[in-house]
Amino acid sequence: MTTERKRKKSAVKLRIEGEMSIYQAGELKRTLHAPVANGVVLEVDLSAVTELDTSGLQLLVLAKKAAQARQGELRLVACSPAVLEVFDLLDLGAYFDVPSAASARGMPAARSPSGVSHGS
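Residues numbered from 1 in each chain as written. Predicted model: local features only at pLDDT ≥ 70, side-chain atom pairs only at ≥ 80, totals over all residues. Heavy atoms only, no water.

Engineer: Just give me the short version of helix α2 (residues 54-69), but keep the residues and values in it.
Structural biologist: One turn of an α-helix holds 3.6 residues; hence residues three or four places apart share an orientation. The end-to-end C-alpha separation of α2 is 22 Å, in line with the 22 Å expected for 16 residues at 1.5 Å each. Buried within α2 are the following residues: S55, G56, L57, L59, L60, A63, K64, A66 and A67. The elements touched by buried residues of α2 are β2 (11-20), α1 (25-33), β3 (41-52), β4 (73-79) and α3 (81-90). For α2, the side-chain oxygen to backbone nitrogen distance between the N-cap and S55 is 2.9 Å, and the N-cap itself is D53. Positive backbone phi, approximately 60°, marks Q71, located one or two places after α2. (Helix = DSSP H or I, 4+ residues; strand = E, 2+ residues; numbered from the N terminus. Expected span 1.5 Å × (residues − 1). Buried < 20%, exposed > 50% of the residue type's maximum accessible area, 1.4 Å probe, protein only. Contact = heavy atoms within 4.5 Å. Polar contact = N/O pair within 3.5 Å; in protein donor to acceptor, adjacent residues only side chain to side chain.)

Following this line, the structure appears as structure tokens:
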């Protein structure tokens, strides 16, 4: 896993590459939480993430909550197919404000048995 961080006024841009898994959880936690300050927007590029497990997902959720608690924001500006697959599986696209993998490929969003659209 590699990361790259750039700071611009009230925004911090972070690009994560490789795996976001239990094996990188300690480093990822420091990387995601260090730039979260009062009113800062953390823009995270996940387009080069090859694997996302529940540990990596938990860190994204915690970073989002930490940013919100400090009147900041976590924005996922790009997601790899691996990330979108996990978000679709767990119906988290809306939580992170990212389109579903299906819509990213131009396919209709999945529908639940109740007819409710997921991932749009």
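Engineer: Can you tell me about the nonpolar core, naming the residues and giving the values?
Structural biologist: Grouped burial of nonpolar side chains is what soluble globular proteins tend to show. Counting residues in hydrophobic clusters, the biggest one holds 30 residues, and the most contacted among them are L76 and F87. Contributions of two or more residues to this core are made by β2, α1, β3, α2, β4 and α3. When near neighbours in sequence (up to four residues on either side) are disregarded, L76 contacts V44, L46, L60, F87, F96 and V98. (Core = buried A, V, L, I, M, F, W, Y, C linked by side-chain atoms within 4.5 Å.)

Engineer: Give me the packing of α1 against α2: which residues, what numbers.
Structural biologist: For any two helices packed against each other, one specifies the crossing angle of their axes together with the interaxial distance. It is the contact of α1 with α2, at a shortest axis distance of 10 Å, that shows an interaxial angle of 20°. Taken together, the axis directions place α1 and α2 in an arrangement best described as roughly parallel. α1 and α2 meet at a crossing whose hand is right-handed. Counting all contacts with α1, which are made through A25, L28, K29, L32 and H33, the residues of α2 involved are L59, L60, L62, A63 and A66. Here the contact of α1 with α2 is composed, by residue class, of 8 nonpolar, 1 polar and 1 charged. (Axes fitted to C-alpha atoms, helices over the stretch in contact; angles between N-to-C directions. Parallel < 35°, antiparallel > 145°, perpendicular 65-115°, else oblique. Left-handed = near helix turned anticlockwise from the far one by under 90°. Nonpolar A, V, L, I, M, F, W, Y, C, P; charged D, E, K, R; others polar.)

Engineer: Give me the lowdown on the pairing of β3, citing residues and values where you can.
Structural biologist: Bridge count between β2 and β3: 9 bridges; the pairing is parallel. From the neighbouring strand, E19 faces β3, where its bridge partner is E51. You can see the chain leave β2, run along α1 and come back into β3, and the turn it takes is right-handed. Bridge analysis of β3 against β4 gives 6 bridges, and the strand direction is parallel. Each bridged residue has a counterpart across the sheet, and for V41 the counterpart in β4 is E73. (Pairing = 2+ DSSP bridges. Right-handed = clockwise from strand over helix to strand, strands pointing away.)

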